[in-house]
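Observations on chain architecture
The chain contents come next:
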Amino acid sequence: MAAYRIDLAYDGSGFHGYATNPGVRTVQEELDRALATVLGSKVSTTVAGRTDAGVHASSQVVSFEAGEGLDTDRIGRSLNAMLGPEVVLRSVSVAPDGFDARFSAVSRTYRYFVDDRPAADPLRRHTVWHIEAPLDTEAMIAAAATFIGEHDFASFCRSDDGKTAVRRVTSAAWWREEDPGTRGLLVFEISANAFCHQMVRSLVALSVEIGRGKVPVSAIPQIFEARDRNAARGAAPPHGLVLWGVGY
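Here is what the cut-offs are and how they apply
Residues numbered from 1 in each chain as written. Predicted model: local features only at pLDDT ≥ 70, side-chain atom pairs only at ≥ 80, totals over all residues. Heavy atoms only, no water. 1 Å grid on protein atoms, 1.4 Å probe; cavity = no way out; pocket = protein on both sides within 12 Å on 5 of 7 lines; lining within 4 Å. Points joined across faces, edges and corners; volume = space filled by probe spheres on them. Nonpolar A, V, L, I, M, F, W, Y, C, P; charged D, E, K, R; others polar. Axes fitted to C-alpha atoms, helices over the stretch in contact; angles between N-to-C directions. Helix = DSSP H or I, 4+ residues; strand = E, 2+ residues; numbered from the N terminus. Left-handed = near helix turned anticlockwise from the far one by under 90°. Contact = heavy atoms within 4.5 Å. Salt bridge = Lys/Arg side-chain N within 4 Å of Asp/Glu carboxyl O. Buried < 20%, exposed > 50% of the residue type's maximum accessible area, 1.4 Å probe, protein only. Disulfide = S-S within 2.5 Å. Pairing = 2+ DSSP bridges.

With respect to the layout of surface pockets
Empty pockets left among the atoms are what a rolling probe the size of a water molecule brings to light. By volume, the largest pocket amounts to about 1,300 Å³. The wall of the largest pocket is formed by 44 residues, among which R50, D160, F195, C196 and H197 lie closest to the centre. Residue composition of the lining of the largest pocket, grouped by class: 18 nonpolar, 14 polar and twelve charged.

This is the structure:
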């Protein structure tokens, strides 16, 4: 047996998340079905990071084991013909022995996109969260700086049967894209060793409330210390979130 790696991207709009979930359409279900057709038998796949319903991926990684000597180029072409344009494989390659998309990963990076212009862009309705008020970019930048480091993110994560919410964030930043003549999109990028459920979307929601002037940056330490989901500001909509990269 040999280990194989798939690098792929997908538009999550039409899927109920990545992971197989009986009764609903998911990315994994579609990918596993296509793989079984191409390979002639079912294989067990592992993903670097499960994404929720409506969340997208620019650079997701999946691993599986199968017989040695597979024609990876042919497999990639066949899968793209079956899965595109919603799911696109960037590459299929032979991976090092023991490679596991989830457990071999050392970091994940997400981006979230916000549009705070007066009128929403209908062409971006599936990938950008529109806020009907100008946001204070500098305050949001200051908020992001407080997320960096090792913290207990329990206030920003959905409960997971008592599992720890301690995570190590290596970078977090907001910036505004350049767009001559208008306000560019606001982009949030965050990298960590791992994320708990809805953590990024919750940090975005708090950042937006800070950008609106409804919560001061100085309140963030108390929100961390509370370790209470009710202390945060809910979760931003899923459609603005993209799994941007996985580090190995």
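What about the packing of helix α3 (residues 137-147) against helix α4 (residues 199-211)?
As a packed pair, α3 and α4 sit with axes 8 Å apart at the nearest point and diverge in direction by 145°. You can see that α3 and α4 cross each other, and the crossing is right-handed. Of α4, the residues touching α3 (which contributes A139, M140, A143 and F147) are L203, S207, V208, I210 and G211. Its residues placed into classes, the contact of α3 with α4 shows seven nonpolar, two polar and no charged.

Things to note about the pattern of salt bridges
What the rule picks out here adds up to 13 salt bridges. Between R25 and E86 there is a salt bridge; the shortest N-O distance is 2.6 Å. With R25 in the loop between β1 (2-10) and α1 (27-39) and E86 in the loop between α2 (72-83) and β4 (87-94), this pair connects stretches of sequence that are 61 residues apart. For R25, a relative accessible area of 32% translates into the label partly exposed. Note that D116 and R183 form a salt bridge whose closest N and O atoms lie 2.7 Å from each other. Within this pair, whereas D116 is found in the loop between β5 (107-115) and β6 (129-130), its partner R183 is found in the loop between β8 (166-176) and β9 (186-192), the two being separated by 67 residues in sequence.

Some remarks on the state of the cysteines
Within this structure, the stated rule accounts for one disulfide. Disulfide pairing places C157 opposite C196 at an S-S distance of 1.8 Å. Placement of the pair is C157 in the loop between β7 (149-152) and β8 and C196 in the loop between β9 and α4, with a sequence separation of 39 residues. On the basis of relative accessibility, which here comes to 5%, the residue C157 falls in the buried class. Since its relative accessible area comes to 13%, C196 is described here as buried.

What about unusual backbone geometry?
P85 follows G84 through a cis peptide bond whose omega is 5°. When you line up the elements, P85 lands in the loop between α2 and β4. Here the phi dihedral of Q198 falls at roughly 70°; this positive angle occurs in a residue that is not glycine. Along the chain, Q198 falls in the loop between β9 and α4. You can call Q198 buried: its relative accessible area is 17%. Positive phi outside glycine occurs at R227, with the angle close to 50°.

Observations regarding the pairing of strand β10 (residues 241-247)
The element β10 is largely enclosed, with a buried count of six among its seven residues. Relative to β10, strand β3 (residues 56-66) runs parallel, the two sharing two bridges. Bridge pairing links A57 to L243 in β10. Where β5 meets β10, six bridges bridge the pair, whose relative direction is antiparallel. Bridge assignment links Y110 to a residue of β10, and that residue is L243.

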